[in-house]
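# Residue-level structural notes
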Amino acid sequence: MKIIYHPEIGELELNRKKGRKNISLQYKYAEGRFTISYPYNCPIKIAIQFANSRIDWMRKTKSKSSNRIVARNLGSINRTYALEKFKNLADEICTTTGLNYKEIKIRKMKSIWGSCSVENKICLNLYLANLPSKLQYYVVLHELCHTVEKNHSKNFWNLVTKYWEDAIILDKELRKFVP
Ligand SMILES: [Zn+2]
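### Brief notes about the overall build of the chain
Summing up its helical and strand segments, the chain has 6 helices and 9 strands in all. Structurally, the chain occupies a C-alpha span of about 55 × 35 × 30 Å along its principal axes. Expressed as a percentage of its 179 residues, the buried residues of the chain come to 20%. The long-range fraction of contacts in the chain, counting pairs at least 24 apart against all pairs at least 6 apart in sequence, stands at 48%.

### A closer look at the nonpolar core
One finds Ala90, Leu124, Leu128, Val139, Val140, Leu141 and Leu144 to be the most contacted residues of the largest nonpolar core, which totals 24 residues. Breaking this core down by element, the ones donating at least two residues are α3 (79–97), β8 (121–125), α4 (133–145) and α5 (154–163). Top element by residues in this core is α4. It accounts for 6 residues. Apart from residues no more than four positions distant in its own chain, leucine 141 is found in contact with Ile93, Val160, Tyr163 and Trp164. Formed by 6 residues, the second largest nonpolar core is a distinct cluster that contains Leu12, Phe34, Ala47 and Ala51.

### Some details on the pairing of β8
Bridge analysis of strand β6 (residues 103–107) against β8 gives 5 bridges, and the strand direction is parallel. Within β8, the residue paired with arginine 107 across the bridge is asparagine 125. Inspection of the sheet shows strand β7 (residues 114–116) paired to β8 by 3 bridges, in the antiparallel sense. Looking at β8, one finds that glycine 114 is bridged to leucine 124. Count of turn residues in the β7/β8 antiparallel hairpin: 4 residues, of which asparagine 120 carries a positive phi of about 65 degrees.

### Remarks on the sheet that holds strand β3 (residues 24–28)
Taken together, 4 strands build an open sheet; the order of strands is β1-β2-β4-β3 and the sheet is mixed. The open sheet has two edge strands, β1 (2–6) and β3, and neither has a second partner. In this sheet, adjacent strand axes meet at a mean angle of 30 degrees when their direction is disregarded. Pairing analysis gives 5 bridges linking β3 to strand β4 (residues 33–39), with the strands arranged antiparallel. The residue bridging tyrosine 27 from the neighbouring strand is phenylalanine 34, located in β4. Across the sheet, helix α1 (residues 44–53) is in contact with β2 (10–17), β3 and β4; its angle to β4 comes to roughly 135 degrees.

### Side note on unusual backbone geometry
Within the chain, asparagine 120 stands out as a residue other than glycine whose phi angle is a positive 65 degrees. By secondary structure assignment, the location of asparagine 120 is in the loop between β7 and β8.

### Some points on the environment of glutamate 11
Residue placement: glutamate 11 occurs in strand β2. Residues glutamate 11 and glutamate 31 lie 20 residues apart in sequence; the distance between their C-alpha atoms is 9.7 Å. The contacts of glutamate 11, once residues within four sequence positions are left out, are Ile3, Tyr5 and Arg33.

### Examining the domain arrangement of the chain
Here the chain is described as being made up of domain 1 (2–67) and domain 2 (73–178). Centre-to-centre, using C-alpha coordinates, domain 1 lies 31 Å away from domain 2.

### So, the environment of asparagine 52
Note that asparagine 52 resides in helix α1. Among the residues examined, asparagine 52 registers 12 C-beta atoms within 10 Å and is labelled exposed. The spatial distance from the C-alpha of asparagine 52 to the C-alpha of glutamate 8 is 9.7 Å, given a sequence separation of 44 residues.

About the criteria used
Residues numbered from 1 in each chain as written. Predicted model: local features only at pLDDT ≥ 70, side-chain atom pairs only at ≥ 80, totals over all residues. Helix = DSSP H or I, 4+ residues; strand = E, 2+ residues; numbered from the N terminus. Buried ≥ 20, exposed ≤ 12 C-beta atoms within 10 Å, placed from the backbone. Contact = placed C-beta atoms within 7 Å. Core = buried A, V, L, I, M, F, W, Y, C linked by C-beta atoms within 7 Å. Pairing = 2+ DSSP bridges. Axes fitted to C-alpha atoms, helices over the stretch in contact; angles between N-to-C directions. Domains from an automatic or database assignment.

Below, the structure written as structure tokens:
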């Protein structure tokens, strides 16, 4: 890994990776910098040219990110405690809504707060534990609704808002945070 200073967007992390076939550009919220991953045999110049070709996107992403809060930086989390808490929350929501899930797991994830598999196994981001409780509630409800509607169709949102009218507002609030 190498960090260079880009005149317009600041720190740019360069990751030359064995086995990688393409160039990808990402913004790492926790570190506050862009990172570019590129194949081992690709010249560094090409990687930087790739970044430059996406400069508008980088500018936009950076300005949007400046007011987002990084959840993982808000404090350390006890994994066992978090899992217990999320399970209780899910069970509570299931009792009031009649929804059901198969299993709940916790993982450290970089870009999503939760997911729900076809077998209705729910995976929640550990860093969710650092978010305000109403957002935790919203994410768990959101994933539980995916046990019925797998995508983000109109039916899905109808279902979520049936259980919590303010869900759309909470969904917007959630975007202030990144894992
Ligand atoms: Zn979803």
